[in-house]
Every structure is written in structure tokens, then in C-alpha cells.
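# Reading the structure
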Amino acid sequence: ELIPVSELLSLLSDQCDSLICERELKLSYDVDEGLEVFGNREQLLSAILNLSSNAIKYCETPGEILISWSQTDTGSEFLVRDSGPGIEPVHLGRLTERFYRVDDARTRDAGGTGLGLSIVKHILAEHNSVLEIESTVGFGSCFSFELKKPVAEYKESSTDLPIR
Ligand code: ATP
Ligand code: MG
């Protein structure tokens, strides 16, 4: 189904507001207007909620989180960037494994099952996409994925192809 991104983000922001509670986190949104994506509404909401709630959960206060969804040449990109503790390179490759959690005091305190990112990975696979993770210890992390435009749109726009 075709979903307006604004719809997903307004559902997301309701949930994020309640997760932030009274913590000193500045959350901002940057969304290209009129953007639509093709996919499963509940699944995509679950994916962006998992990524955003991680950012909120693991970010130190005072901190900043940016959530953006922008148009790209081939579709659109969702991104959540936090000014949190960052993740050591040795863990990056394993984060999306089921039950994998970075074993430090922060993660132990935060609680959780270690399933969130494995669910995100699964949902993105259903949408022909992959999770990209960039992180620098002491600076923060950025989780993102791209959703490609449906193939039908490519065909419509390739009017320069000879018709036989
Ligand atoms: P669950 O999501 O099931 O409640 P969880 O948050 O521990 O539990 P995942 O969402 O899969 O599990 O994340 C796996 C691990 O990756 C986390 O335990 C945490 O150590 C690390 N992590 C995820 N997101 C961030 C982030 N934004 N900043 C720092 N560490 C992160
Ligand atoms: Mg999580």
C-alpha cells in the first residue's frame, strides 16, 4: 500500500514524546513534504519506532536526536541520528542478531530483550531494504535505510526507451 510519510511520522512522534518523558533530549524532525512510500504500514511503523526508541533509550542527557525522512534519487531514506554514546566497531556487525546486546553498564541499565534490531532487519528485508549503521564512540550513532520506488514507476518514467 502507498503510505504518506507524514502519517507514519505523526504516529511515531506521539510515541516518542511519551518515551522521552521528562528527560533532557531535544528531538527534531525533518521530513520532505508530500513524500509517500510503498510498503506495509504496521511493519514500517514498527521499524522506525524500534530505531527511534533505541536512540531515545541509549542517548545520554542532555542529548539531541534527529529523525528525518527525505527523498533520494531512487526512493526515500529514513534516518535517525543520536548524540549518544556510540557503539564500538566490534559490535556493529552483530547488532541485528537476535538477543544481541552490547554488554555495558548502560545497556544493562536500559533493559530490553535485544530483539528490536533483529525485527527491524526482518521488516526491511520484506521491503527489499537493509539497515545501515554508522557509529562513533563518544559522538553518536546513525541508523538508516532506503526504500526504493516501486518498479512500476521506473517503467513509466523511462519514456526514452524505444517501443517495439
Ligand atoms: P529491545 O529492542 O528488544 O527492547 P534492545 O534495545 O537491547 O532490546 P536492540 O534494539 O536489538 O535491542 O539493540 C541491540 C543493542 O544495540 C542494544 O542493546 C544496544 O546495546 C545497542 N544499541 C542499539 N541502538 C543504539 C543506539 N542508538 N545507541 C547506542 N547503542 C545502541
Ligand atoms: Mg531496542
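Residues numbered from 1 in each chain as written. Chains lettered and ligands numbered in written order. Predicted model: local features only at pLDDT ≥ 70, side-chain atom pairs only at ≥ 80, totals over all residues.

## Overview of the overall build of the protein chain
- The helix and strand inventory of the protein chain stands at 6 helices and 7 strands.
- Overall, the protein chain shows an N-to-C arrangement of helices and strands of β-α-β-β-α-β-β-α-α-α-β-β-α.
- Taken across its 164 residues, the protein chain has 25% of its residues classed as buried.
- Of the contacts made within the protein chain by residues no fewer than 6 positions apart, 67% connect residues no fewer than 24 positions apart. (Helix = DSSP H or I, 4+ residues; strand = E, 2+ residues; numbered from the N terminus. Buried ≥ 20, exposed ≤ 12 C-beta atoms within 10 Å, placed from the backbone. Contact = placed C-beta atoms within 7 Å.)

## Quick word on the site of ligand 1
- Inspection of the region around ligand 1 gives 20 residues, with Arg-101, Val-102, Gly-112, Gly-116 and Leu-117 positioned closest.
- At the level of secondary structure, the elements contributing two or more residues to the shell around ligand 1 comprise α2 (41-58) and α5 (116-126).
- Looking at the shell around ligand 1, the element that brings in the most residues is α2, giving 4 residues.
- Class assignment of the residues belonging to the shell around ligand 1 gives a composition of 9 nonpolar, 9 polar and 2 charged. (Near = placed C-beta within 6 Å. Nonpolar A, V, L, I, M, F, W, Y, C, P; charged D, E, K, R; others polar.)

## Notes on the environment of Gln-15
- Tracing the backbone through its elements, the reader meets Gln-15 in helix α1 (residues 5-20).
- Separated by 128 residues in the primary sequence, Gln-15 and Phe-143 have C-alpha atoms spaced 18 Å apart.

## Concerning the packing of α2 against α5
- One way to put it is that α2 packs onto α5 with a least axis distance of 9 Å and a crossing angle of 145 degrees. With respect to the hand of their crossing, α2 and α5 are arranged in left-handed fashion. Contact with α2, carried on its side by Gln-43, Ser-46, Ala-47, Asn-50, Leu-51 and Asn-54, involves Gly-116, Leu-117, Ile-119, Val-120, Ile-123, Leu-124 and Glu-126 of α5 and no other residues of that element.
- Among the residues making up the contact of α2 with α5, the classes are represented as 7 nonpolar, 5 polar and 1 charged. (Axes fitted to C-alpha atoms, helices over the stretch in contact; angles between N-to-C directions. Left-handed = near helix turned anticlockwise from the far one by under 90°.)

## Here's the deal with the nonpolar core
- Formed by 29 residues in total, the largest nonpolar core has its most connected members in Ala-47, Ile-48, Leu-51, Ala-55 and Ile-65.
- Sorting the residues of this core by element identifies α1, β2 (25-31), α2, β4 (63-71), β5 (75-82), α5 and β7 (140-148) as the ones contributing at least two each.
- Excluding residues within four positions of it along the chain, Ile-48 makes contact with Leu-8, Leu-12 and Phe-78. (Core = buried A, V, L, I, M, F, W, Y, C linked by C-beta atoms within 7 Å.)

## Looking at the sheet that holds strand β6 (residues 132-136)
- Ordered by their spatial adjacency, 5 strands build an open sheet running β2-β4-β5-β7-β6, and the pairing between neighbours is mixed. Strands with a single pairing partner mark the edges of an open sheet, and in this sheet they are β2 and β6. The sheet shows a mean angle of 10 degrees between the axes of neighbouring strands, direction not considered.
- Where β6 meets β7, 5 bridges bridge the pair, whose relative direction is antiparallel. What sits directly across from Ser-135, in β7, is Ser-141.
- The strands touched by α2 are β2, β4, β5 and β7; relative to β5, the strand with the most contacts, the crossing angle is about 20 degrees. (Pairing = 2+ DSSP bridges.)

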